[in-house]
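Single-letter residue listing:
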Amino acid sequence: MAERCSRFAQSRDKALELFASKGFGQVGMRELASHLGLTPGSLYHHYPSKQHLLLDLIEEFFDELQGTLKRLQRRKLQDGCLVALIRAHLKLHRELPRHFRLVERDSGCLNPDQQLRVEQLRAGYEQQLLQLLGTPAGQGEATRRATAHAVANLLNTAPSWFQEQPLGEREREALLENLLSGAIERLVGTGPSHSAVA
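Residues numbered from 1 in each chain as written. Predicted model: local features only at pLDDT ≥ 70, side-chain atom pairs only at ≥ 80, totals over all residues. Heavy atoms only, no water.

### So, the nonpolar core
One broad rule of soluble globular proteins: the nonpolar side chains tend to lie buried together.
Then, in step 1: Grouped together as the largest cluster of nonpolar side chains are 51 residues, with contacts concentrated most on Leu 32, Phe 62, Leu 85, Leu 155 and Ile 184.
Then, in step 2: Every element with two or more residues in this core is listed here: helix 1 (2–22), helix 2 (29–36), helix 4 (50–74), helix 5 (81–95), helix 6 (97–106), helix 7 (112–133), helix 8 (141–157) and helix 9 (169–188).
Then, in step 3: Here this core gets 10 residues from one element, more than from any other, and that element is helix 4.
Then, in step 4: For Leu 155, the residues in contact, after removing those within four places along its chain, are Leu 85, Ile 86, His 89, His 93, Tyr 125, Leu 129, Leu 180 and Ile 184. (Core = buried A, V, L, I, M, F, W, Y, C linked by side-chain atoms within 4.5 Å. Buried < 20%, exposed > 50% of the residue type's maximum accessible area, 1.4 Å probe, protein only. Helix = DSSP H or I, 4+ residues; strand = E, 2+ residues; numbered from the N terminus. Contact = heavy atoms within 4.5 Å.)

Below you can see the structure in the form of C-alpha cells.
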C-alpha cells in the first residue's frame, strides 16, 4: 500500500510538471495517463477528471502556504516578521515554482464549485497574512480584505518579475526583499506613511 501511494505521489509530480510546462488546457486525459505511465482507466480510478487533479495540486499549494504562515506565527516574531515572511515566500518559490505557475495561470480551468473552493482557500490564506502582519486601526473590512489580497499577490507573483534579468540569485533575492518590504510596509501601515496620495 505504501509503495503504491509513493508511486502515485511520483505520478502527481509528473502531472504537475506536464501541466506547468504545457498548460493545463493543452493536456488531455489520454496524454496525461500516457505521460504518467498509466492507463486512462487507472487514472480515472484516482481522479474522475483532470480538473479534480488540478484542484488537488492547488489545494496542496495552499496547504504549503498556510503551513508556512503557521510556522511563522508559532515563532511569534515581532521585529523582522515581515522579512521572515518574505524570505519564507521566496523559499517556497524556489521549492514549488510549478505550483505557483499552475495556480496563477490555470485556476480558471476549474468548474465553478472548484473555483469557489480555491477562493475559500485563498481567502483563508489572506486572512492568515493579515493576522501575522496586522493592519492599521480603523480600516473597514473591505479595505482589510483588499489589503490582504494585494499583499498575497505581491508575495506570490513578484519572484517571477526578474526571471529574465541577468541577476545572480543573491542580487535578485535582495532586490525582491527590498521591493516587497517597502510595498507591504506601506500597504499594512507600518512604513513611514500610509496615508493616501492626494
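Following the structure, the description resumes.
### Things to note about the confidence of the model for the chain
Residues shown with low pLDDT carry predicted positions that ought not to be read at fine detail.
Then, in step 1: Summary statistics for the chain give a mean pLDDT of 84 and a share of 88% for residues scoring 70 or more.
Then, in step 2: Between residues 1–6, whose pLDDT stays under 50, and residues either more than four places distant or in other chains, the model counts 0 contacts.
Then, in step 3: The model gives residues 191–198 a pLDDT under 50, and that stretch makes 6 contacts with residues more than four places away or in other chains. (pLDDT = per-residue confidence, 0-100.)

### Side note on the packing of helix 8 against helix 9
Then, in step 1: Viewed as axis vectors pointing N to C, helix 8 and helix 9 meet at an angle of 175°, and their least axial separation amounts to 10 Å. Judged by the inter-axis angle, helix 8 sits roughly antiparallel to helix 9. Between helix 8 and helix 9, the contacting residues are Thr 147, Ala 150, Val 151, Leu 154 and Leu 155 on the first element and Leu 180, Ala 183, Ile 184, Leu 187 and Val 188 on the second.
Then, in step 2: For the contact of helix 8 with helix 9, the residue count by class is 9 nonpolar, 1 polar and no charged. (Axes fitted to C-alpha atoms, helices over the stretch in contact; angles between N-to-C directions. Parallel < 35°, antiparallel > 145°, perpendicular 65-115°, else oblique. Nonpolar A, V, L, I, M, F, W, Y, C, P; charged D, E, K, R; others polar.)

### Structural notes on the pattern of salt bridges
A side chain with one charge can pair with a side chain of the opposite charge if their charged atoms come near.
Then, in step 1: Enumeration according to the criterion identifies 12 salt bridges in this entry.
Then, in step 2: Notably, a salt bridge pairs Lys 22 with Glu 31, separated by 2.7 Å at the nearest N-O pair.
Then, in step 3: Glu 31 gets classed as partly exposed once you look at its relative accessible area, which sits at 31%.
Then, in step 4: When salt bridges that share partners are traced, they join Arg 12, Asp 56 and Glu 60 into one network. (Salt bridge = Lys/Arg side-chain N within 4 Å of Asp/Glu carboxyl O.)

### A word on the packing of aromatic side chains
Then, in step 1: Tallying each qualifying case throughout the model produces 4 aromatic pairs.
Then, in step 2: With 5.2 Å between their ring centres and 80° between their planes, Phe 61 and Phe 62 make a pair best called edge-to-face. The exposure classification of Phe 61 matches that of Phe 62, with both residues buried.
Then, in step 3: An aromatic cluster is built from Phe 61, Phe 62, Phe 100 and Tyr 125, whose rings are joined through pairwise contacts.
Then, in step 4: The positively charged end of Lys 50 is found above the aromatic ring belonging to Phe 24, 4.3 Å away from the centroid. (Phe/Tyr/Trp six-rings, centres within 6.5 Å; stacked < 30°, edge-to-face > 60°. Lys NZ or Arg CZ within 6 Å of the ring centre and 35° of its normal.)

### What to know about the UniProt feature "DNA-binding region" (unreviewed entry) in the chain
Then, in step 1: The sites that UniProt annotates as "DNA-binding region" (unreviewed entry) are residues 28–47.
Then, in step 2: Helix makes up 75% of residues 28–47 and strand 0%. Its end C-alpha atoms lie 14 Å apart. (UniProt positions renumbered as here; feature names shortened; annotations may be inferred.)

### Comments concerning the layout of surface pockets
Then, in step 1: Quantified by volume, the largest pocket comes out at close to 340 Å³.
Then, in step 2: Along the wall of the largest pocket there are 16 residues; nearest its centre are His 93, Pro 97, Pro 159, Ser 160 and Gln 163.
Then, in step 3: Mapped by element, the contributors of at least two residues to the lining of the largest pocket are helix 5, helix 6, helix 8 and helix 9.
Then, in step 4: Looking at the lining of the largest pocket, its residues break down into 5 nonpolar, 5 polar and 6 charged.
Then, in step 5: In this structure, the second largest pocket occupies an estimated 270 Å³ of space. (1 Å grid on protein atoms, 1.4 Å probe; cavity = no way out; pocket = protein on both sides within 12 Å on 5 of 7 lines; lining within 4 Å. Points joined across faces, edges and corners; volume = space filled by probe spheres on them.)

### Here's the deal with the side chain of Glu 126
Then, in step 1: Following the sequence through the fold, Glu 126 ends up in helix 7.
Then, in step 2: For the buried residue Glu 126, which engages in no salt bridge, the nearest side chain bearing the opposite charge is Arg 122, 5.1 Å off.
Then, in step 3: Beyond its immediate stretch of four places on either side in the chain, Glu 126 contacts Arg 145, Ala 148, His 149 and Ala 152. (Lys, Arg positive; Asp, Glu negative; His and termini not counted.)

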